[in-house]
Amino acid sequence: MNWLGKITSAPGLAEKVVDKGCSLVESGVTRYWNVEEELGRLRRTSVRINSLLTDAEERRYIEDKSVMDWLSDLKSVSFDTDDLLDEYQTAINVHKVEPSRKRKRNRFELPSISPEWDPFQRSKFASEINKINNRYEEILKNRKNLRLNGEDGERRGFSHQRSRPCQTGPYHDRASMIDRENDKIEVVDLLITGQTITVVPIHGAAGIGKTTLAQKVYHDPRLNCFNIKAWVCLTERCDLSTAMKEIYEKMTRQRCDSGDFGRLQERLGEYLEAREGNNKFLLVIDNLWATDLHFGDMLRVLLRAGGEGSKFLITTRNEKTCHNLPGVIERPSLKGLGEEECWKLIQSLALPQGSINDDHEKLEIGKEIARRCYGSPMAAKALGAVLYGRSDEEWSDVLSDMRPLKDDINGAVHASLKISYHDLKYHLKKCFAYCSIFPNGYVFERDQVIRYWIAEGLIEADGNRRLESVGTKYFDELIWRSFFEKITIGTEGQNAKLFSRQVERYRMPSLMLDLAMEVSKYEFRSFESGKPLPKDNHGNSDQARYASLLQPRNTNTVKLECLEPYSKSNFRTLKFCHELNEVVGLSSSIKEPFFHKFMRLRVLDMSNSDLKLVPDSVGELIHLRFLGLSNTQITTLPENICDLFNLQTLELKGCLKLEKLPEGMHRLMNLRHLDLHLDWELIKDSTEVALPQGFDDLEQLQTLSRFYVTSANGPCNISELNKLNLRGDLCILNLEKVATGQAIYANLKGKFIDKLMLRWQSSVLNDQLLQQQSEDVIKSLEPHHGLRCLWIVNYPGNIFPEWMGDRVFRKLETIQISNCNNFNFLPLLKKLPCLKNLLIGNLPVDTMSMPGGFPSLENLKLLNLRSLRSLFLENEIPKLEQIYISNCPKLPNIKFKIENCPKLSNIIWGPEN
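Now for a description of the structure that goes with this document. Please read all numbers here as calculations on a predicted model, not as lab measurements.

Rules of the game
Residues numbered from 1 in each chain as written. Predicted model: local features only at pLDDT ≥ 70, side-chain atom pairs only at ≥ 80, totals over all residues. Heavy atoms only, no water. Pairing = 2+ DSSP bridges. Helix = DSSP H or I, 4+ residues; strand = E, 2+ residues; numbered from the N terminus. Axes fitted to C-alpha atoms, helices over the stretch in contact; angles between N-to-C directions. Phe/Tyr/Trp six-rings, centres within 6.5 Å; stacked < 30°, edge-to-face > 60°. Buried < 20%, exposed > 50% of the residue type's maximum accessible area, 1.4 Å probe, protein only. Contact = heavy atoms within 4.5 Å.

Points about the sheet that holds strand S27 (residues 906–909)
Link 1 in the chain: With parallel pairing, nine strands are arranged side by side in an open sheet as S16-S17-S18-S19-S20-S21-S23-S25-S27. The sheet is open, and its two edges are formed by strand S16 (705–708) and S27, each paired on a single side. Across the sheet, the mean angle from the axis of one strand to that of its neighbour is 10 degrees, orientation sign disregarded.
Link 2 in the chain: The sheet contact formed by strand S23 (residues 859–863) and strand S25 (residues 882–886) spans five bridges and is parallel. Counterpart to Leu860 in the pairing with S25 is Ile883.

The structure is reproduced here in C-alpha cells:
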C-alpha cells in the first residue's frame with residue numbers, strides 16, 4: 001500500500017490532515033494579505049520587548065547565566081524586529097520620495113515599491129513576521145519557566161530621578177587631582193634639576209592616577225624651560241618601530257608614513273641637531289610596556305641629539321619596565337590616596353554644593369565607602385558620581401554592594417566600576433557597552449561616537465531637541481561618571497599649532513574598556529586579522545551585532561577569513577582598525593561582493609586605511625546610516641551610494657585625493673553630516689572637490705566642512721547654502737566667483753558655524769577689478785556670533801569689514817590672516833574681548849605697529865613676512881605671553897616697552913631668522 005492509501009485507510013485521518021493543511025494555508029493567506037496590519041502589531045511587540053529589556057536591565061545585578069542567556073535571546077529578537085520594520089519603512093519612504101525611480105531588481109537590492117505590493121515582497125515580509133512572532137512567543141514561555149515576573153529580582157532602591165550637576169566642569173577638574181600636589185612638585189623638581197637624571201618614572205597599579213599626575217606635571221608652567229614638549233601614549237602591544245613613529249610625529253609635528261625604525265631614528269636625530277640651542281625636550285611616554293634593551297637604546301640616541309637637560313617622563317604599571325632605561329631614577333610606586341583624600345574626592349562629585357558634616361549617619365557611611373576604595377581615585381570618582389543626589393538609604397545600599405569586595409585595589413576598582421555601570425539608566429548602558437568596538441588606547445572625537453550612537457538608534461528622541469544635542473548630553477554624563485576621559489595633552493610650546501582645528505579628544509581607560517567588553521560579550525565580537533575567533537567566544541553568531549576587526553602589527557593587509565563564520569550574520573556595525581593606530585591594509589582585501597554578506601550594517605567604518613576604491617556593493621546596504629571613509633586614498637565614490645536613503649553620516653575627512661562627489665547626492669534626504677574636513681594648513685589653490693548641484697535639497701544637512709563656489713548663478717553658487725542649518729567648521733573656497741550682491745544669500749549669520757575659513761584663489765590677490773567685489777563679498781559673509789576661529793586667505797580687498805571687530809563675537813579666540821595686502825585689520829581686532837591667538841602671514845609690508853588694546857591676546861605669530869623690517873608694540877597688551885617669528889629675515893629686533901607687555905616671557909625665533 002502506498003503512503004496515500006495508508007492515510008485514506010485510517011478513519012478520519014485524511015480529514016484531519018486536510019483540515020490542518022487548510023488551516024495552515026488560510027493562516028498563510030491571511031498573513032499574506034494583512035502584512036501592513038501584522039507590521040503594526042510587530043511595532044507594538046517591539047515596544048513591549050524594549051519595556052521588558054529596560055525592566056530587566058534596571059535591576060541591580062543579574063548574574064545567573066540562564067537569565068543572561070534569556071536576555072540575550074530577547075535582545076536578538078529586538079534587533080531583528082527593528083531591522084524588519086526599518087526595511088519596510090525604507091521601502092515606503094523611497095516610494096513616497098521617488099515614485100518614478102527605476103531600480104534594477106536583484107536579490108541584494110530592495111525591490112521597487114508600488115501601492116500594490118508584488119507577491120514576492122508580501123510573501124517575504126509575511127514569512128519574516130511569522131518567524132519573529134514565533135521566537136517571541138517561545139521567549140515568553142521561557143520567561144515563565146525562569147520565573148522572571150515583574151516583581152522578581154533585586155530592584156534599585158533609588159527614591160527619585162536625578163541628573164548630574166549643571167556645572168560639572170570645575171568640580172570634575174577639582175576631583176581629578178586630590179592631594180597629589182606633593183607628588184607633582186617632586187616629579188617637576190626631578191625634571192628641571194639634576195643633569196644625571198634623564199628618565200623620571202611614575203609606576204603603579206591600574207586606576208591609581210598615573211596619567212592624571214603626569215598631565216598635571218606636563219602643564220606645570222615651570223616646565224616651559226623645555227623648548228620642545230611632546231606626549232605619546234603607547235598601546236600594550238606597541239613595537240619599537242611604531243613607538244619611534246609616534247615619537248617622531250609628536251616631536252616634529254610632521255606626519256610620517258614610513259615604518260622603518262632606523263630611518264625614523266636618523267631623521268629625528270637630524271631634526272633635533274638642526275635646532276641646536278633650541279632643542280631641549282621633554283618627552284612624556286604614557287603607558288609604557290616595553291621591557292627590552294632596544295627601547296632604552298632608542299632613548300639614548302634621542303638624548304644625544306637633544307639639548308642638554310632633555311628628559312623623559314614615563315608612566316607604566318610595571319616597575320621593571322624602567323630598569324633598562326638611561327639615567328632612570330628609582331622611585332617608589334605611586335601610592336593610593338589616603339582614606340581622607342578618597343573621601344574628599346567622593347565629596348567633590350557627590351556633594352558639589354557643600355558637605356554633610358551635620359548628617360552623621362551619611363558621613364559615617366561615606367567614609368566607609370571611601371575606605372573601601374583602597375586608595376583608587378578611579379573608584380572614588382566613579383562612586384562619587386553614583387552617590388550624587390541620593391538619600392541616606394541609597395548611600396547605605398551602595399556600601400552594602402561594596403562590603404563583599406576583596407581587600408585589594410584591583411578588586412575594589414573593578415567592583416566599583418561595575419556598581420557605577422549598574423547605576424546607569426538603560427539607554428546609557430547601551431551607549432557605553434557599544435564603545436567596546438574601540439581597541440585599547442583608541443582616541444576618539446565626541447562627534448564620532450555620537451554619530452555612531454545615532455546610526456545605531458541608541459539615542460532616544462527628546463522633544464524637538466536635535467539628536468546630536470541629546471547624544472552630547474549622554475556623552476557628558478559618561479564623562480562625568482569617568483567612563484570616558486578627556487585627553488588634555490599633546491604637542492605644545494612654540495611647536496603648537498595654534499591655528500589648526502582644535503578638537504577635543506577622548507579615550508576609555510583600560511579598566512573601563514574591560515568592563516565594556518564584559519557587559520557586551522553577547523553582542524560584540526572582536527576579530528584579529530588572520531586568526532580564528534578565541535575559544536571563549538560568547539553566544540552564537542546570530543546574537544552578534546557589533547564587530548571590530550584589528551589588523552595586527554607587522555602585517556601588510558587585513559585577512560578577512562576570520563569573518564567567514566559570520567558571513568550570514570546580522571552585524572549592524574563593522575569597524576576596521578589597526579591595533580597600533582597605523583593605516584589599515586584594506587585595498588587588496590575588500591572585493592566587490594564582500595558586503596553582500598553583511599546586508600544589515602548600519603555603521604561601516606573603513607577610515608584610516610589604504611582603501612582606493614569603494615565597492616559598489618556598499619550602495620546596496622539599505623540600512624546603512626554611517627559610512628566612514630576618512631583618511632583613505634579614494635578619488636571618487638560609486639554613484640549608487642546615492643541610493644542609501646537612510647544614510648545620515650558620510651565621513652570623508654582627510655581624503656586628500658578625493659576629486660569629486662557623485663552627481664546624485666541631492667537624493668540623500670536623510671544626510672545630516674557630510675564631513676569633508678581637511679587640515680586647513682593643507683588647503684591650496686589646487687585643492688578642490690567637484691561638488692554636484694542640489695545641496696539646498698538636503699534639508700537635514702548640518703555638517704558640510706568645505707564648499708567650493710563654482711559659478712556666480714549656476715550650479716554650486718553660494719546661495720545653495722541659504723537653507724542649510726550648518727554647524728561646526730566651514731571652509732568657503734573660490735570666493736572670487738561670487739558676484740556682487742550674492743554673498744548675502746549664504747546667510748552665514750543664521751548658521752552655528754564656530755570655525756570659518758574665507759578663501760580666494762591666490763591668483764586674484766592683486767586683481768584690482770576684484771577689489772571692490774571682494775569687499776562687498778566679505779562684508780556680506782558676517783558669521784554667527786558664536787564664532788570661535790576665523791581664517792582669511794588671499795583677500796584682494798583693501799578694506800576689512802566692520803563686523804570683524806564687533807564686540808558681540810565674545811567666543812572668538814583665534815584669527816589667522818594671510819596673503820592680504822595690508823594691516824588695516826589690526827585696529828578692528830584690538831576691540832575683540834576674547835581674542836587669544838593671532839597669526840599674520842605672507843603680507844608685503846616693511847613696518848608693523850601693534851596698537852594697544854587686545855585685552856585677551858596671549859600668542860602672536862608672524863610667518864613669512866619677508867619684507868618686514870620693524871615691529872612696534874606701541875601700547876599695553878596686558879596678557880601677551882609669547883611672540884613666535886619665522887621666515888622674517890629682515891626683522892632684526894622688536895621694539896617695545898616692558899611695561900606694555902608685562903607677561904611677555906618668550907620671543908621665539910623660528911627657522912631662517
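Digging into the packing of aromatic side chains
Link 1 in the chain: Evaluated as defined, the whole model comprises 31 aromatic pairs.
Link 2 in the chain: For the ring pair Tyr434 and Tyr546, a centre distance of 4.8 Å and an interplane angle of 80 degrees mean the geometry is edge-to-face. Taken together, the residues span a long stretch of sequence, with Tyr434 in helix H17 (residues 426–434) and Tyr546 in strand S10 (residues 546–551) at a distance of 112 residues. In terms of burial, Tyr434 and Tyr546 fall into one category: buried.
Link 3 in the chain: Centroid distance Phe444 to Phe484: 5.5 Å. Interplanar angle 80 degrees. Geometry classified as edge-to-face.

Some words on the sheet that holds S10
Link 1 in the chain: Spatially, the seven strands line up as an open sheet ordered S9-S10-S11-S12-S13-S14-S15, and their pairing is parallel. In the strand order of this sheet, the two ends are held by strand S9 (524–528) and strand S15 (673–675), each with one partner. Recorded for the sheet is a direction-independent mean angle of 10 degrees between the axes of neighbouring strands.
Link 2 in the chain: As defined by bridge partners, strand S12 (residues 603–605) adjoins strand S13 (residues 626–628) across three bridges and the pair is classed as parallel. Its bridge partner being in S13, Leu604 is matched across the sheet by Leu627.
Link 3 in the chain: Sitting on the sheet, helix H18 (residues 446–455) is in contact with strand S11 (573–578), S12, S13, strand S14 (649–651) and S15, with an inclination near 145 degrees to S12.

Topic: unusual backbone geometry
Link 1 in the chain: Within the chain, Asn608 stands out as a residue other than glycine whose phi angle is a positive 55 degrees.
Link 2 in the chain: For Asn608, the location among the structural elements is in the loop between S12 and S13.
Link 3 in the chain: The class for Asn608 is partly exposed, based on a relative accessible area of 35%.
Link 4 in the chain: Although it is not a glycine, Cys716 sits at a positive phi angle of roughly 55 degrees.

What about the side chain of Lys575?
Link 1 in the chain: You can see Lys575 is positioned in strand S11.
Link 2 in the chain: By relative accessible area, which is 3% here, Lys575 ends up buried.
Link 3 in the chain: Ignoring anything within four residues of it in the chain, the contact list for Lys575 reads Ile437, Phe438, Tyr442, Gln448, Tyr452, Ala547, Ser548, Leu549 and Asp605.

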